[in-house]
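Residues per chain, in single letters:
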Amino acid sequence: MTAGPRLVVVGDPAGRRVAFFQDALRTAGLSEARVVSWPEVLRGRARFTAGETVRLDSPGEDVEADRLLRGIDDPTRVEGTGLWYERFLAAVSGLARSVTGAGAVLVDDPAELAALFDKRLSHGLLRAAGVPVPESPTSGPSAPAVRGWEELRSSTARAGLRRVFVKLAHGSSASGVLALESNGAGRVQATTSVERGPDGRLFNSLRVRRYTSEREVAAIVDALAPDGLHVERWLPKAVQGGRAADLRVVVIDGRATHAVVRTSRSPMTNLHLGGARGDLDAARAAITAAGGRWTDALEVCERASAAFPGTRCVGVDLLPATGWRRFAVGEVNAFGDLLPGLTGLPGSGAEGLDTYAAQVAAQFPDSRAPDSRTPGSRTRGTTAPAAHITRPTPVPRAAHTTSTARTTGTSTT
């Protein structure tokens, strides 16, 4: 190992994300990072020293961090995301002061996390930047809050929206998401992974279920509303193999480097909810057959990333419309790089590299790794990948089933 930079990663010491990042450092010939846990940060015990470079990773796999942030002992519970957001931003603000005061450097701009972890603010920034997004009555800081079922019914009726996604403003991994439909006769139906207990508490489930009683749907919405809700039009998605399809695209330093198709028989494509990885080559072919270009789809993701110029890596949820001709951005995820085994797109400059290795190559272009060529790819760890990862000019801003997915702070595909 070379001496290299003195790195620190704030994350879950026993989690997959930290392990993948450490593997990427070793492969690049760099020393492993010192690991600081989120509970250390949340309890004010984290310390940094001059010359260190500090990377923030998700607290989502750390059960103790989740308890400290949400104030709830059961990690499968849905509630508490509003408190999570408040405490997480306070912790990051304090961490940033500690890092700066010690003469260390943060990799990303911590101020952008306030928007990346609030779907309403993020949606507003994307819309102001000209990025195509689903229509939403809750978009932006000046939009009225939805404080319960009756306000949700009123706001969607005013907007003429009969099919919407209702999301926790600060949630992730499809926690608390409802795919809600209504008809002219006033009947409603919600598809969701939320399970409502006999006492009214809400739990994340690995089974997607359907509620057809307005009373049950209203009770769920009313229970979610105190944590903050984001509402957006439910866009009909493209189909692959008879299943609804979307894409997670990773953008590193402004360039789309990795992509995976996600398919599902339900409106939620997350793998832990029964989704499956689809065929990326088939998706590209479908886009071409529809008269579009794959590069246009990636460019939409790069424009979305440019709305957050201080964040080096984001995961963009790209929604292809029926027919694969048009695209919208569903969400931009601060920690959307957990895609085990996925290597870079052809022409991206990250060929042969997973998402963590590509980030290391981009941040430390002078690192060298042992030759580990993959047919048709560049050598891992050479300067070639990073040389091609360049940021474009930023767009101006104008019965309960236990799930391993946490409510916030992580993103699973």
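See the structure shown above.
As a starting point, this report considers the structure included with it. (Residues numbered from 1 in each chain as written. Predicted model: local features only at pLDDT ≥ 70, side-chain atom pairs only at ≥ 80, totals over all residues. Heavy atoms only, no water.)

### Re the sheet that holds strand S6 (residues 178–182)
Strand-to-strand pairing in sheets goes through backbone hydrogen bonds, with the strands running parallel or antiparallel.
Turning to step 1, where the next piece is worked out: Read across the sheet, five strands follow the order S8-S7-S6-S5-S9 without closing on themselves; strand pairing throughout is antiparallel. The sheet terminates laterally at strand S8 (202–211) and strand S9 (229–233), the two strands that pair on one side only. The mean angle between the axes of side-by-side strands here comes to 25°, regardless of whether they run parallel or antiparallel. (Pairing = 2+ DSSP bridges. Helix = DSSP H or I, 4+ residues; strand = E, 2+ residues; numbered from the N terminus. Axes fitted to C-alpha atoms, helices over the stretch in contact; angles between N-to-C directions.)

### Things to note about the pattern of salt bridges
Turning to step 1, where the next piece is worked out: For the coordinates displayed, the defined rule picks out 29 salt bridges.
Turning to step 2, where the next piece is worked out: Here Arg-120 ties to Asp-118 by a salt bridge, and the two come within 3.1 Å at their closest N and O atoms.
Turning to step 3, where the next piece is worked out: Exposure remark for Asp-118: the relative accessible area of 5% places this residue in the buried category.
Turning to step 4, where the next piece is worked out: Several salt bridges share partner residues, and in doing so they unite Lys-237, Asp-246, Arg-248, Arg-262 and Asp-317 into one network. (Salt bridge = Lys/Arg side-chain N within 4 Å of Asp/Glu carboxyl O. Buried < 20%, exposed > 50% of the residue type's maximum accessible area, 1.4 Å probe, protein only.)

### Observations regarding the sheet that holds strand S3 (residues 52–56)
Turning to step 1, where the next piece is worked out: Taken together, four strands build an open sheet; the order of strands is S2-S1-S3-S4 and the sheet is parallel. With one partner strand each, in any of the chains shown, strand S2 (34–37) and strand S4 (105–106) form the two edges of the open sheet.
Turning to step 2, where the next piece is worked out: As defined by bridge partners, strand S1 (residues 6–11) adjoins S2 across four bridges and the pair is classed as parallel. Considered in S2, the bridge of Val-9 is made with Val-35.
Turning to step 3, where the next piece is worked out: Most of the contacts of helix H1 (residues 16–27) go to S1, to which it runs at about 165°, and overall it touches S1, S2 and S3. (Contact = heavy atoms within 4.5 Å.)

### What to know about the side chain of Thr-138
Turning to step 1, where the next piece is worked out: With respect to the element layout, Thr-138 can be found in the loop between helix H6 (119–128) and helix H7 (149–159).
Turning to step 2, where the next piece is worked out: A polar side-chain atom of Thr-138 sits 2.7 Å from a polar atom in the side chain of His-230.
Turning to step 3, where the next piece is worked out: Polar contacts involving the side chain of Thr-138 include one to the main-chain amide nitrogen of Val-231, which spans 2.9 Å.
Turning to step 4, where the next piece is worked out: Apart from the residues lying within four places of it in its own chain, the contact partners of Thr-138 are Arg-120, Ala-143, Pro-144, Val-146, Leu-229, His-230 and Val-231. (Polar contact = N/O pair within 3.5 Å; in protein donor to acceptor, adjacent residues only side chain to side chain.)

### Things to note about the nonpolar core
Turning to step 1, where the next piece is worked out: In this structure, Phe-48 and Val-329 are the most contacted members of the largest nonpolar core, which totals 59 residues.
Turning to step 2, where the next piece is worked out: Beyond its immediate chain neighbours, meaning those up to four positions away, Phe-48 contacts Val-8, Val-10, Arg-34, Val-36, Val-54, Leu-95, Ser-98, Val-99, Ala-102 and Ala-104.
Turning to step 3, where the next piece is worked out: Formed by 25 residues, the second largest nonpolar core is a distinct cluster that contains Val-250, Ile-252, Ala-358 and Ala-362. (Core = buried A, V, L, I, M, F, W, Y, C linked by side-chain atoms within 4.5 Å.)

### Here we look at the pairing of strand S14 (residues 313–320)
Turning to step 1, where the next piece is worked out: Within S14, eight of the eight residues are buried, which leaves it mostly tucked inside the rest of the structure.
Turning to step 2, where the next piece is worked out: Residues of S14 alternate between two faces, with Cys-313, Gly-315, Asp-317 and Leu-319 on one and Val-314, Val-316, Leu-318 and Pro-320 on the opposite face, all of them buried.
Turning to step 3, where the next piece is worked out: As judged from the six bridges shared by strand S11 (residues 243–252) and S14, these two strands associate in the antiparallel manner. When the bridges of S14 are listed, Ile-252 appears paired with Cys-313.
Turning to step 4, where the next piece is worked out: Bridging between S14 and strand S15 (residues 327–333) involves six bridges; their strand directions are antiparallel. Looking at S15, one finds that Pro-320 is bridged to Phe-327.
Turning to step 5, where the next piece is worked out: The antiparallel pairing of S14 with S15 creates a hairpin that spans six residues between the two strands, and Gly-323 there sits at a positive phi of about 95°.

### So, unusual backbone geometry
Turning to step 1, where the next piece is worked out: Notably, Ser-173 is not glycine yet its phi reads approximately 55°, a positive angle.
Turning to step 2, where the next piece is worked out: On the secondary structure map, Ser-173 appears in the loop between strand S5 (163–168) and S6.
Turning to step 3, where the next piece is worked out: Even without glycine at this site, Asp-253 takes up a positive phi of about 50°.
Turning to step 4, where the next piece is worked out: By the secondary structure assignment, Asp-253 is in the loop between S11 and strand S12 (255–264).
Turning to step 5, where the next piece is worked out: A residue is classified by how much of its surface remains accessible, and Asp-253, at 12% relative accessible area, is buried.

### Quick word on the environment of Ala-128
Turning to step 1, where the next piece is worked out: Structurally, the position occupied by Ala-128 is in helix H6.
Turning to step 2, where the next piece is worked out: Among the residues examined, Ala-128 registers a relative accessible area of 33% and is labelled partly exposed.
Turning to step 3, where the next piece is worked out: Along the primary structure Ala-128 and Ala-307 are separated by 179 residues, whereas in three dimensions their C-alpha atoms are 9.0 Å apart.

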